[in-house]
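Single-letter residue listing:
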Amino acid sequence: MTADAHWIPVPTNVAYDALNPGASGTSAFAAANGWQHHPLVTVQPLPGVVFRDAAGRSRSTQRAGDVVRLPGSAGLEVGNSAYTYSVQMNQMSAEWGYAAVRLPRATPALVVETRSARAIRPLPALPDLVPRPISAGPGRAALHVAPENAEWAQAVVAEEIVDLLDQDGLPLDLEIAEGWLFLYRPGRLSVPDPLVWRRVFGILDALDVSLSAAAGSLPGPGPFPALPMREQVAQTTRHATAKYFAVVGGLFVVLAGGAYLLFGR
């Protein structure tokens, strides 16, 4: 594959003006561009950590909504994925917006978890490897990759990629797994906001350039083994528990205040 070959078919001439804040905004946006829109998808075969646990099983009650699929062999789609998990005998839910695209050539697996995204919600699973700091942005993101593929991964996750991913307003994580590239947002990504879609396509375009430039340092033709994964149970539970007790505590304060107003005088 030559240096100018495309890895990611980023759409051009997108009708962003079709987006509006109404309930059908995303559907109208997809229709205006000739893309498919699926309000609900209950079978999601994608391999990423948002869709599969460390053992490769589909996450509990995993489903996706507002899925926009672009035509073509790359299977480019953007949607909002949700699943449930248990915290102290309580059923909790997590929602991740995602962009997924099938890569045309085998690459090693990697995960990049950014500081801004992790502050909102840790990824549900991470490779069971010592994370590497990213030289382009120390402390802003952690790179998880097999040691033999570190040089290639550092070339892919260049400074501009870290800058694009690690933003407070719309933080994103990155994963490459089993021939797919994913962007993850802790929250919704398929939303009727043109700025969000422009940013998603802009990052994919930057990754297209980065992957092409790093193609010469690929350690081999593949296939490449999957990374050993571990669930982030402790981290996820800690965040969910803090949120749960914050909600319960806030409700208690409201009820106590109401009782005082009614009976305390």
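The structure this text deals with has already been given above.
Attention in this report is confined to the structure presented alongside it. (Residues numbered from 1 in each chain as written. Predicted model: local features only at pLDDT ≥ 70, side-chain atom pairs only at ≥ 80, totals over all residues. Heavy atoms only, no water.)

**Some remarks on the overall build of the protein**
Tallying secondary structure elements over the protein gives six helices and 11 strands in all. Out of the 265 residues belonging to the protein, those deemed buried represent 48%. Carbon and sulfur atoms form 58% of the exposed surface of the protein, whose accessible area is close to 12800 Å². (Helix = DSSP H or I, 4+ residues; strand = E, 2+ residues; numbered from the N terminus. Buried < 20%, exposed > 50% of the residue type's maximum accessible area, 1.4 Å probe, protein only. Areas by Shrake-Rupley, 256 points an atom, 1.4 Å probe, with all protein chains shown as cover.)

**Some words on the environment of Asn 20**
By the element assignment, Asn 20 lies in the segment before helix H1 (25-32). Remark: the alpha-carbon pair of Asn 20 and Pro 194, spanning 174 residues in sequence, is separated by 8.4 Å.

**Topic: the side chain of Thr 84**
Summarising the element assignment, Thr 84 is placed in strand S3 (residues 77-87). At 2.8 Å, the side chain of Thr 84 forms a polar contact with the side chain of Thr 61. Among residues more than four places away in sequence, those in contact with Thr 84 are Ser 60, Thr 61, Arg 63, Gln 91, Met 92 and Ser 93. (Polar contact = N/O pair within 3.5 Å; in protein donor to acceptor, adjacent residues only side chain to side chain. Contact = heavy atoms within 4.5 Å.)

**With respect to the nonpolar core**
Counting residues in hydrophobic clusters, the biggest one holds 51 residues, and the most contacted among them are Ile 8 and Leu 181. Looking at which element gives the most residues to this core, the answer is helix H5 (residues 194-214), with 10 residues. Among residues more than four places away in sequence, those in contact with Leu 181 are Ile 8, Ala 99, Ala 100, Val 101, Leu 103, Leu 174, Glu 175, Ile 176, Leu 204, Leu 207 and Leu 211. (Core = buried A, V, L, I, M, F, W, Y, C linked by side-chain atoms within 4.5 Å.)

**Points about the pattern of salt bridges**
Scanning the entire structure with this criterion turns up nine salt bridges. In this structure, the salt-bridge partner of Arg 140 is Asp 166, at a minimum N-O distance of 3.2 Å. Placement of Arg 140 in the loop between strand S7 (132-133) and strand S8 (141-145) and of Asp 166 in the loop between helix H4 (159-165) and strand S9 (173-177) is noted, with a sequence separation of 26 residues between them. The two residues Arg 140 and Asp 166 agree in class, both being buried. One salt-bridge network, held together by shared partners, links Arg 115, Arg 140, Asp 163 and Asp 166. (Salt bridge = Lys/Arg side-chain N within 4 Å of Asp/Glu carboxyl O.)

**Quick notes on the packing of aromatic side chains**
If you walk through the whole model with that rule in mind, you get 12 aromatic pairs. Considering the side-chain rings of Phe 29 and Trp 35, the 5.4 Å spacing of their centres and the 85° angle between planes classify their relative orientation as edge-to-face. The buried category is assigned to Phe 29, whose relative accessible area is 0%. Assessed through its relative accessible area of 11%, Trp 35 is described here as buried. Pairwise contacts between aromatic rings join Phe 51, Trp 96, Tyr 98, Trp 180, Phe 182 and Tyr 184 into one cluster. Here the guanidinium or amino end of Arg 59 rests over the ring plane of Tyr 83, the centre of that ring lying 5.4 Å away. (Phe/Tyr/Trp six-rings, centres within 6.5 Å; stacked < 30°, edge-to-face > 60°. Lys NZ or Arg CZ within 6 Å of the ring centre and 35° of its normal.)

**A few points about the sheet that holds strand S2 (residues 63-69)**
Taken in spatial order, the nine strands line up as S1-S2-S3-S4-S10-S9-S5-S8-S7 in an open sheet, and their pairing is antiparallel. The open sheet terminates on both sides in strands that have one partner only, identified here as strand S1 (36-41) and S7. Where S3 meets strand S4 (residues 90-102), 11 bridges bridge the pair, whose relative direction is antiparallel. When the sheet's bridge partners are listed, Tyr 85 is paired in S4 with Met 92. Of the strands in this sheet, S1 and S2 are in contact with H1, which crosses S1 at around 145°. Most of the contacts of H5 go to strand S10 (residues 180-185), to which it runs at about 145°, and overall it touches S2, S3, S4, S9 and S10. (Pairing = 2+ DSSP bridges. Axes fitted to C-alpha atoms, helices over the stretch in contact; angles between N-to-C directions.)

**Brief notes about unusual backbone geometry**
In most cases, non-glycine residues show a negative phi, while peptide bonds are predominantly trans. The peptide bond linking Gly 222 to Pro 223 adopts the cis configuration, its omega dihedral lying at 0°. Secondary-structure assignment places Pro 223 in the loop between H5 and strand S11 (229-231). Notably, Thr 61 is not glycine yet its phi reads approximately 50°, a positive angle. Position of Thr 61 among the secondary structure elements: in the loop between S1 and S2.

**Side note on the environment of Thr 26**
The topology assignment puts Thr 26 in helix H1. On the accessibility criterion, Thr 26 (3% relative accessible area) is buried. In sequence terms Thr 26 and Asp 66 are 40 residues apart; their C-alpha atoms lie 7.1 Å from each other. Not counting residues within four places of it along the chain, the set of residues in contact with Thr 26 comprises His 37, Asp 66, Val 68, Ser 190, Val 191, Pro 192 and Trp 197.

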